[in-house]
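Chain residues, written in single-letter form:
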Amino acid sequence: MVDLIPSPDTVMQILKRTGAFREGHFVYPNGKHSPYYFQMPLAFRYYDTARVLAVALSRKFRVDRDISSQLPKVAVISPSSGGIPVAFGVRDALNAEQIYWAEQENGKRMFRQYINQGEVNPCIIVDDIIRSGSATEETAELVKALGSRVLGCGAIVKFTSADDSLEDTPIKSLVEFDVQMFDSGDECSDCKKDAPIEHVRF
Ligand SMILES: [Zn+2]
């Protein structure tokens, strides 16, 4: 089973081919410059690609005894809309019982109304990409507030700048990416070459 997880190189090829991994000269909303940008839903627009990526991530959870022993009474939870196709794919592969996703409402991460205390199974939090890790952390807080616990967490891509674990739960990923970020145009190598800028929304 485990050797069916594609290598980080193979995953990066998939992300490049689908347009989810982009190279250029990007300016983020926080003003930082980078030669790289991930727009992960572009990989998840193709069902076959989405399935390959989600199944691969699911295998990293299935080998975890704490998780496999609880299945199918497990929830798969996405911190945001980008992680919803990942959550459905991982759920399918693990045959987990529940799916939830959080959304931003007035700047605050929340679950939909009427999810009650005690209803959420022990869970795995999955996202398409973990940049800072704050979305995962906020989701873990929501889960705990509902009386459940986090068994595992992970994403297709994780930036190396994010923490390697959520409290004592290791964060699993198919690719660890060392994203180069420049705090401003003054330090940016592409700005020095006068390369045209693309503004990205988040
Ligand atoms: Zn620049």
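Residues numbered from 1 in each chain as written. Predicted model: local features only at pLDDT ≥ 70, side-chain atom pairs only at ≥ 80, totals over all residues. Heavy atoms only, no water.

This paragraph deals with the sheet that holds strand β9 (residues 165-166). Pairing is mixed across the open sheet formed by six strands, whose spatial order is β4-β3-β7-β8-β10-β9. Lying at the two open borders of the sheet, with one neighbouring strand each, are β4 (98-101) and β9. Pairing between strand β8 (residues 150-159) and strand β10 (residues 169-177): six bridges, direction parallel. Each residue of the ladder has a partner; that of Cys-153, found in β10, is Ile-171. Contacting β7 (123-130), β8 and β10, helix α3 (residues 47-62) crosses the sheet at an angle of about 145 degrees to β10. Across the sheet, helix α6 (residues 134-145) lies against β3 (75-78), β7, β8 and β9, angled at about 160 degrees from β7, the strand it touches most. (Pairing = 2+ DSSP bridges. Helix = DSSP H or I, 4+ residues; strand = E, 2+ residues; numbered from the N terminus. Contact = heavy atoms within 4.5 Å. Axes fitted to C-alpha atoms, helices over the stretch in contact; angles between N-to-C directions.)

Take α6 next. Its twelve residues place the ends of α6 17 Å apart at the C-alpha level, agreeing with the 16 Å of an ideal helix rising 1.5 Å per residue. When we look at burial in α6, the residues that qualify are Ala-135, Thr-136, Thr-139, Ala-140, Leu-142 and Val-143. Down the axis of α6, the buried set is contained in an arc of 160 degrees. They therefore lie on one face. Gly-147 sits one or two positions beyond α6 and adopts a positive phi of about 85 degrees. (Expected span 1.5 Å × (residues − 1). Buried < 20%, exposed > 50% of the residue type's maximum accessible area, 1.4 Å probe, protein only. Arc of directions from axis to C-beta.)

Strands sit in the order β2-β1-β11 across an open sheet of three strands; the sheet is mixed. A strand with exactly one partner marks an edge of an open sheet, and here the two such strands are β2 (33-38) and β11 (198-199). As paired elements, strand β1 (residues 21-27) and β2 share five bridges and run antiparallel to each other. Note on β2: the bridge partner recorded for Phe-26 is Ser-34. Across the face of the sheet, helix α1 (residues 8-18) comes into contact with β1 and β2 while running at roughly 65 degrees to β1.

With 38 residues, the main nonpolar core has Leu-15, Phe-38, Ile-156, Val-157 and Phe-177 as its most contacted residues. Top contributing element to this core by residue count: α3, with six residues. (Core = buried A, V, L, I, M, F, W, Y, C linked by side-chain atoms within 4.5 Å.)

The buried count for β10 comes to seven of nine residues, which makes it a mostly enclosed element. Two strands pair when backbone bridges link them, and β9 and β10 are joined in this way by two bridges, in the antiparallel orientation. Across the sheet, Leu-166 pairs through a bridge with Thr-169, a residue of β10. Linking two consecutive strands that pair antiparallel, namely β9 and β10, is a turn of two residues; a positive phi of about 50 degrees is found at Glu-167 within it.

Here the zinc ion is held by His-25 (NE2), His-33 (ND1), Cys-188 (SG) and Cys-191 (SG), and the distances to it run 2.0 to 2.4 Å. Relative to the metal, the four donor atoms surrounding the zinc ion lie at angles of 96 to 118 degrees, and the coordination shape comes out tetrahedral. Between the donor residues of the zinc ion, the gaps in sequence give the motif H-x7-H-x154-C-x2-C. One end of the pair, His-25, is in strand β1; the other, Cys-191, is in helix α7 (residues 189-192), and 166 residues separate them in sequence. For His-25, a relative accessible area of 3% gives the class buried. (Donors = N, O, S within 2.8 Å, 3.2 Å for Na, K, Ca; no water. Tetrahedral: all angles 85-135°; square planar, octahedral: opposite > 155°, others 65-115°.)

Where α3 contacts helix α5 (residues 84-94), the axes come no closer than 8 Å and their chain directions differ by 55 degrees. Taken as axis vectors, α3 and α5 run oblique relative to one another. In this structure, α3 crosses over α5, and the sense of that crossing is right-handed. From α3, Ala-54, Val-55, Leu-57, Ser-58, Phe-61 and Arg-62 reach across to α5, where they touch Val-86, Gly-89, Val-90, Ala-93 and Leu-94. Taken together, the residues of the contact of α3 with α5 break down into eight nonpolar, two polar and one charged. (Parallel < 35°, antiparallel > 145°, perpendicular 65-115°, else oblique. Left-handed = near helix turned anticlockwise from the far one by under 90°. Nonpolar A, V, L, I, M, F, W, Y, C, P; charged D, E, K, R; others polar.)

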